[in-house]
Amino acid sequence: MDISVVVPLYNEAESLPELTAWIARVMKEHDFSYEVIFVDDGSTDDSWKVISGLAKEYPSVKGVSFRRNYGKSPALNTGFKEAQGDVVITMDADLQDSPDEIPELYRMVVRDGYDLVSGWKQKRYDPLSKTIPTKLFNATARRVSGIKNLHDFNCGLKAYRHEVVKHIEVYGDMHRYIPYLAKNAGFTRIGEKVVKHQARKYGSTKFGLDRFVNGYLDLATLWFTGKFGAKPMHFFGLLGSLMFIIGFISVMVVGFGKLYQMYSGQPYILVTDSPYFYLALTMMLLGTMLFLTGFIGELIVRNSPSRNHYEIKETI
């Protein structure tokens, strides 16, 4: 099979018939063998009823329905498990992503050799309250991930080589960082294509401004686990040791300062009356706690069944 189209959705019953017909037309024009996998993320409207009807009309349509709303990442992860195509295309169900982009995305993966191609909605039909935070978010994601050539990490329209979706796990709200997940899994040929962004035709957006706050927290989590997930002592141990050393030196300075004042006949105060003593002591305690956190983290990692799990590209 050439292409699997994975479409996560939540309350998009009105747009599904038009989207399915559009995808079918594009596939027929380019003679692609394909499947469309709709993942209904616990919709409360008639989305699943519409999908069931489309599956009878189009043999290529498949569907998965969640009992409740879990989020876009679980929906994508489920769709990736079901996908059988050589190239996997993801797009949103709200008709803001154009299926006309599919042939070029397919070509970039198959002929140009990209592992992943991410869409870039260069011209957006969104309010400033959404576009400005998006630009700041993407700038931060580029810097942290090291993927400098992507302008729109969160674009729903992406193309993947089959091996990519089978070797990454999309959880929580990590759908925003699939290129980063792919990079951490060893798939480094990541490209970008400018795609059309269309105004929403039906319904309303399902995402609020809280996604930007959560997005930065998820990015910090992904950066930390990617860099120190297998060696937590390298982070907590180093930071804890530095804090302990600085605190210990500070205590020594306070103590020797008092001794010097005593023997030189100068007026002095008790060490315990100095605020610097308590600041230094706090740093020593925090340093010790951080060091122990790293030690416990190492024990957890060493007892993990996946501690020696590595992604092997090929063997001979």
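For the structure itself, look to the data block above.
These notes cover the structure that comes with them. Quick caveat, the model's predicted, so the values are computed rather than measured.

### Observations regarding the pairing of strand β6 (residues 158-161)
Here is step 1 of the chain: Bridge analysis of strand β4 (residues 87-90) against β6 gives four bridges, and the strand direction is antiparallel. Counted as the bridge partner of Val 88 is Tyr 160 from β6.
Here is step 2 of the chain: When strand β5 (residues 116-120) meets β6, the two strands line up antiparallel, connected through three bridges. Residue pairing across strands places Ser 118 opposite Lys 158, the latter belonging to β6.

### Structural notes on the pattern of salt bridges
Here is step 1 of the chain: Tallied over the full model, the rule gives nine salt bridges.
Here is step 2 of the chain: Two residues, Glu 29 and Arg 25, come together in a salt bridge whose shortest N-O distance is 3.3 Å. Taken together, the positions of Glu 29 and Arg 25, both in helix α1 (residues 16-29) and four residues apart, correspond to about one turn of that helix.
Here is step 3 of the chain: Here Glu 29 falls in the exposed class, since its relative accessible area comes to 52%.
Here is step 4 of the chain: The residue Glu 35 makes a salt bridge to Lys 62 at a minimum N-O spacing of 2.7 Å. Of this pair, Glu 35 sits in strand β2 (residues 34-40) while Lys 62 sits in strand β3 (residues 61-65); the two residues are 27 residues apart in sequence, bridging distant segments of the chain.
Here is step 5 of the chain: Look at the salt bridges and you will find they share partners, linking Arg 25, Glu 29 and Asp 100 into a network.

### Some thoughts on the pairing of β3
Here is step 1 of the chain: Across five bridges, the pairing between β2 and β3 is parallel. Bridged to Ile 37 within β3 is Lys 62.
Here is step 2 of the chain: At this point the chain moves from β2, through helix α2 (residues 47-57), to the parallel β3, and the crossover so formed is right-handed.

### Here we look at the sheet that holds strand β7 (residues 190-194)
Strand-to-strand pairing in sheets goes through backbone hydrogen bonds, with the strands running parallel or antiparallel.
Here is step 1 of the chain: Read from one edge of the open sheet, seven strands run β3-β2-β1-β4-β6-β5-β7, paired in mixed fashion. Here the strands that pair on one side only, and so sit at the sheet edges, are β3 and β7. Here the strands of the sheet are splayed against their neighbours by 20 degrees on average, with no regard to which way each runs.
Here is step 2 of the chain: Contacts between α2 and the sheet are confined to β1 (3-9), β2 and β3, with β3 contributing the most and set at about 155 degrees to the helix.
Here is step 3 of the chain: Together, β1, β4, β5, β6 and β7 form the strand contacts of helix α4 (residues 102-110), whose direction differs from that of β4 by roughly 140 degrees.

### Side note on the nonpolar core
Nonpolar side chains in soluble globular proteins tend to be buried together.
Here is step 1 of the chain: Counting residues in hydrophobic clusters, the biggest one holds 34 residues, and the most contacted among them are Ile 3, Val 5, Phe 38, Ile 89 and Met 91.
Here is step 2 of the chain: Put simply, the parts of the chain that give this core at least two residues each are β1, α1, β2, α2, β4 and α4.
Here is step 3 of the chain: In terms of residue count, α1 provides more of this core than any other element does, seven residues in total.

### Details of a nonpolar patch on the surface
Here is step 1 of the chain: A grouping of Phe 244, Ile 245, Phe 248, Ile 249, Met 252, Val 253, Phe 256, Leu 259, Met 262, Tyr 263 and Tyr 268 is seen on the molecular surface, where their side chains present a nonpolar patch of about 1,100 Å² in accessible area.
Here is step 2 of the chain: With respect to the helices and strands, Ile 249 occurs in helix α9 (residues 233-263).
Here is step 3 of the chain: Its relative accessible area of 47% is what places Ile 249 among the partly exposed residues.

### Thoughts on α9
Here is step 1 of the chain: Here α9 is 31 residues long and its end C-alpha atoms lie 43 Å apart, about the 45 Å a rise of 1.5 Å per residue gives.
Here is step 2 of the chain: Within α9, burial applies to Met 233, Phe 236, Gly 237, Gly 240, Met 243, Gly 247, Val 254 and Lys 258.
Here is step 3 of the chain: Downstream of α9 by a residue or two, Gly 265 has a phi angle that is positive, lying close to 75 degrees.

Cut-off values and rules
Residues numbered from 1 in each chain as written. Predicted model: local features only at pLDDT ≥ 70, side-chain atom pairs only at ≥ 80, totals over all residues. Heavy atoms only, no water. Pairing = 2+ DSSP bridges. Helix = DSSP H or I, 4+ residues; strand = E, 2+ residues; numbered from the N terminus. Salt bridge = Lys/Arg side-chain N within 4 Å of Asp/Glu carboxyl O. Buried < 20%, exposed > 50% of the residue type's maximum accessible area, 1.4 Å probe, protein only. Right-handed = clockwise from strand over helix to strand, strands pointing away. Axes fitted to C-alpha atoms, helices over the stretch in contact; angles between N-to-C directions. Contact = heavy atoms within 4.5 Å. Core = buried A, V, L, I, M, F, W, Y, C linked by side-chain atoms within 4.5 Å. Patch = residues over 30% accessible without salt bridge, like charges linked within 9 Å, V, L, I, M, F, W, Y side chains within 5 Å. Areas by Shrake-Rupley, 256 points an atom, 1.4 Å probe, with all protein chains shown as cover. Expected span 1.5 Å × (residues − 1).

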